[in-house]
Amino acid sequence: MSDLDIDALREQWVGTVFQEIDLVVDEDRMLEWAVTCGETDPRFVDPSHPDFQASTSFPTHINAARMLPDDFSEIGSGRGIDGGKSIEWHRPMRAGDALHATVEIGDIYAKTGRSGTMVFIVNRMSFYDAEQQLVATVDWRMIRQDV
Amino acid sequence: MADHEIELGDELPEERPDVSMETVRRFVKAAQMDFPRFTDHEHARAEGLPGAVIPGIMSQGQLAAMIHRWAPGSQILVLDTIFRTPMVVGTPVVCRGAVTNVEDDGTVEVDLTIISEASGATGVLGTAHVRLPT
């Protein structure tokens, strides 16, 4: 294991916004996403429904161009492992919504097991509507082995 | 389904979502992630995968759809998934869920899994925090 200092990494990076993007929610892609995932609830598959909205996992595919800040510390080798995704909803996302998304390091922590120490880096994307109200937050956990 | 009908330990009806190549191809186009590791078995094997793999976020969407059918009108507040084992496109999977907590505020916690019917391996583990319709 290297002499990686997780506390120092957290201090330096957690909360650092390193990218911002603007997007408009596309109705056709929203609908196709819901249908191919097997949704049958009209809120997600019927554009004429008064509460038509994006299905639960829809925002998870919106990726920033950069996974990490350009000058982020090298940890392990290669791209690492996908540790999973979490989405938290605050209000519905509608077709045609103009959203602003920020990308930051949401957390950094380590877990040690039989295969050594794994470092978890949370890429957090937060979506805001035109009134700057938080719509959804997606956490993507990237795992790298500390060698 | 009203929350008073739901009890700790209740199991959601199992579902076998469509994981055919045709549907995965449609999904990855909608997701703007049309990469051969999801749509071409040979290419995926060359990358060291067991075959073209079902995108993890598609599995996440299938679990959400199962919850919405189980509790129509519910709102998933949080859905957290871990992608444990690659699951191969065209190989049947089964989605399962069980209620692990019932709160007084009308929300429940549901533990979720997706298992490959061919190998028995758990491909996806998850947890959802769900607000039930009043």
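As a reminder, the structure under discussion sits directly above these lines.
Because the structure is predicted, anything quoted here is derived from the model rather than measured.

Examining the overall build of chain A
Helices and strands together make up the secondary structure of chain A, namely three helices and five strands. Across chain A, helices and strands are ordered from the amino to the carboxyl terminus as α-β-α-α-β-β-β-β. The dimensions of chain A, computed from C-alpha atoms along their principal axes, are 55 × 30 × 20 Å. Sequence separation of at least 24 residues holds for 70% of the intrachain contacts in chain A that already meet a minimum separation of 6. Looking at chain A, you have 13 positive and 26 negative side-chain charges, and the mean spots of the two groups are 6 Å apart.

Brief notes about the nonpolar core
Counting 72 residues, the largest nonpolar core has Met93(A), Phe127(A) and Trp70(B) as its most contacted members. Top contributing element to this core by residue count: helix α4 (residues 56-70) of chain B, with seven residues. Ignoring any residue separated from it by four or fewer positions in sequence, one finds Phe127(A) in contact with Leu23(A), Pro59(A), Ile62(A), Met93(A), Leu99(A), His100(A), Ala101(A), Gln133(A), Leu134(A), Val135(A), Ala136(A) and Val138(A).

Looking at the interface of chain B and chain A
Listed by partner, the interface residues are 27 residues for chain B and 27 residues for chain A. It is Arg26(B), Ala30(B) and His68(B) that lose the most area in chain B upon contact with chain A, and together they represent 21% of the buried surface on that side. Summed over the shared surface of chain B and chain A, the result is two salt bridges. One salt bridge in this structure joins Glu32(A) and Arg26(B), with 2.7 Å as the shortest N-O distance. Counting every contact that joins chain B to chain A gives 13 residue pairs in polar contact (both at pLDDT 80 or more).

Definitions and limits used
- Residues numbered from 1 in each chain as written.
- Chains lettered and ligands numbered in written order.
- Predicted model: local features only at pLDDT ≥ 70, side-chain atom pairs only at ≥ 80, totals over all residues.
- Heavy atoms only, no water.
- Helix = DSSP H or I, 4+ residues; strand = E, 2+ residues; numbered from the N terminus.
- Contact = heavy atoms within 4.5 Å.
- Lys, Arg positive; Asp, Glu negative; His and termini not counted.
- Charge placed at Lys NZ, Arg CZ, Asp CG, Glu CD.
- Core = buried A, V, L, I, M, F, W, Y, C linked by side-chain atoms within 4.5 Å.
- Buried < 20%, exposed > 50% of the residue type's maximum accessible area, 1.4 Å probe, protein only.
- Buried area = accessible area lost by both parts, 1.4 Å probe.
- Salt bridge = Lys/Arg side-chain N within 4 Å of Asp/Glu carboxyl O.
- Polar contact = N/O pair within 3.5 Å; in protein donor to acceptor, adjacent residues only side chain to side chain.

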